Amino acid sequence: MDNPTWAGNGSVVVPGISAPSTVACVRSLGRRGIRTIVVSSDETTPAFQSKYCDEAVRVPSPHDDLVAYKDALRSLAMRPDVRTIIPVREPDVYVLSKYRDEFAEYVRTPWPTFETLARAQDRMRLFDAAETAGVAAPETALFTTAPDQERKWIVKPRYTILGDEYVEEYTPETCVSPPSTRYLESCHGATAEDVHVEMKHVPLVQEYVSTTEEYGFFALYDEGKPLATFQHRQRRGYSYAGGPSAFRESVDIPALEESGLALLDELDWHGLAMVEFLRDEETGEFKLMEVNPRFWSSLPFSVQTGADFPYYYWLLANGQRDRIDHSYRPGIGGHLLRGELLYLHSVLTKEIELVEKPSISDAVSTVARSLYDQPRFDYLSRDDLRPFVRDLMNTFSEIR
């Protein structure tokens, strides 16, 4: 919404989380003179330490009380200097979309309506949309009976977040992160009912796609129209089995863009989205995994390649979409050092079924070589060192 009292660049509210996306936002916007307000319930969030964090505000955790978290964000949105709020995790976009009308009274809302959001956060509806759009996906069904034991399967949550809009037993104050994806062998001997209890809802059973080729397609949409896109291939995750990105490289693959755009067009998307794909080793198809309807954890790398999505988001939120001039450099790589440490820790300490584990010597040499060849880092910045130090401290605490 237009605010006649707005003068100068105004302010933006960014939730502070452990992933590097918050720091990427405050650095990108702060360097342009846009005032940043970081909000978090956790005083150890690295973004609080950034010199580009103009104001640090403690708010309730959305996992403790989602309505109290919403009220805190709305109070900030009511300030005349605040132009918009940036979603960086599932609870952020869930609460912003669910109460979209309350926020639209004060700030611009470049995020999806709740009906659109539900088609992304409910993976059953998402895979239905993919089928309609002609986008390939693994065979997926609700886990109500045991699947064919001759094939490999994974069990994953149906919803990317558990709240009252998706699970009847929950209240509006409830916001629960669902359990992680599991390989079906790890559920050996468990009944469907056992898995339902553990997952706190009826999860999905999905065909296991045997591949090391993980890709992300990233986009900013305005009412069904793409304004900017980006692609990367994940080379290493937090675990040798995958997970969040530790090392990735930018790519430009027409077939990947075609699949990403087809899905988001079918969803009539608005706002930010990361579409995750696996590339089938046998067919070469990009198979849909999920949609993250907010900023992604590897956002600093996107900015380093030239795809400055925080600034694009700011322009869209201020009615200046015509100023978005998007481009990026394919063929370069970047790291999250914390992710590399966690990757090596997983090689040392974990045994994951269905996934071949590299030797520790191979893992160390591969990480070291890529750090030397591609010295770009999510947190490490010479002009803003404190978030990097804080993240390392958090990592060592987590590993202990």
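In this report, the structure presented in the accompanying data block is examined. (Residues numbered from 1 in each chain as written. Predicted model: local features only at pLDDT ≥ 70, side-chain atom pairs only at ≥ 80, totals over all residues. Heavy atoms only, no water.)

1. Examining the nonpolar core
Item 1. Counting 75 residues, the largest nonpolar core has Leu73, Ile86, Phe103, Tyr166, Leu220, Phe295 and Phe309 as the members making the most contacts within it.
Item 2. Once you skip the residues sitting within four places of it in the chain, Phe309 turns out to touch Phe218, Ala219, Leu220, Ala228, Thr229, Phe230, Phe295, Trp296, Leu299 and Ser302.
Item 3. Counting residues in each nonpolar core, the second largest holds 24 residues, with Ala120, Trp269, Phe277 and Leu288 among its members. (Core = buried A, V, L, I, M, F, W, Y, C linked by side-chain atoms within 4.5 Å. Buried < 20%, exposed > 50% of the residue type's maximum accessible area, 1.4 Å probe, protein only. Contact = heavy atoms within 4.5 Å.)

2. Topic: empty space enclosed by the protein
Item 1. Per the counting criterion, the structure on display carries 1 cavity of 30 Å³ or more.
Item 2. Of the volumes computed, that of the largest cavity is approximately 50 Å³.
Item 3. Taken together, His335, Leu336, Leu337, Arg338, Phe377, Asp378, Tyr379, Leu380, Phe388, Asp391 and Leu392 make up the lining of the largest cavity.
Item 4. Of all the secondary-structure elements, those providing two or more residues to the lining of the largest cavity are helix H11 (337-349) and helix H13 (386-399). (1 Å grid on protein atoms, 1.4 Å probe; cavity = no way out; pocket = protein on both sides within 12 Å on 5 of 7 lines; lining within 4 Å. Points joined across faces, edges and corners; volume = space filled by probe spheres on them. Helix = DSSP H or I, 4+ residues; strand = E, 2+ residues; numbered from the N terminus.)

3. Some thoughts on the sheet that holds strand S14 (residues 333-335)
Item 1. Judged by pairing direction, the sheet is antiparallel, and its 6 strands sit side by side in the order S13-S12-S9-S10-S11-S14 without closing on themselves. Single-partner strands in this sheet number two, and they are strand S13 (286-292) and S14. Looking at each pair of strands side by side, their axes are set apart by 35° on average, direction ignored.
Item 2. Where strand S10 (residues 225-239) meets strand S11 (residues 242-250), 6 bridges bridge the pair, whose relative direction is antiparallel. From the neighbouring strand, Arg233 faces S11, where its bridge partner is Glu249.
Item 3. Taken strand by strand, helix H12 (residues 360-373) contacts S10, S11 and S14, and its axis lies near 140° from that of S10. (Pairing = 2+ DSSP bridges. Axes fitted to C-alpha atoms, helices over the stretch in contact; angles between N-to-C directions.)

4. Describing helix H8 (residues 254-266)
Item 1. Taking 1.5 Å per residue, 13 residues should reach 18 Å; H8 reaches 18 Å between its end C-alpha atoms and fits that length.
Item 2. Every buried residue of H8 is listed here: Leu256, Ser259, Gly260, Leu261, Leu263 and Leu264.
Item 3. If you follow the buried residues of H8, they end up packed against helix H6 (123-133), strand S9 (214-222), S10, strand S12 (271-279) and S13.
Item 4. Within two residues after H8, Asp268 carries a phi angle of roughly 50°, on the positive side. (Expected span 1.5 Å × (residues − 1).)

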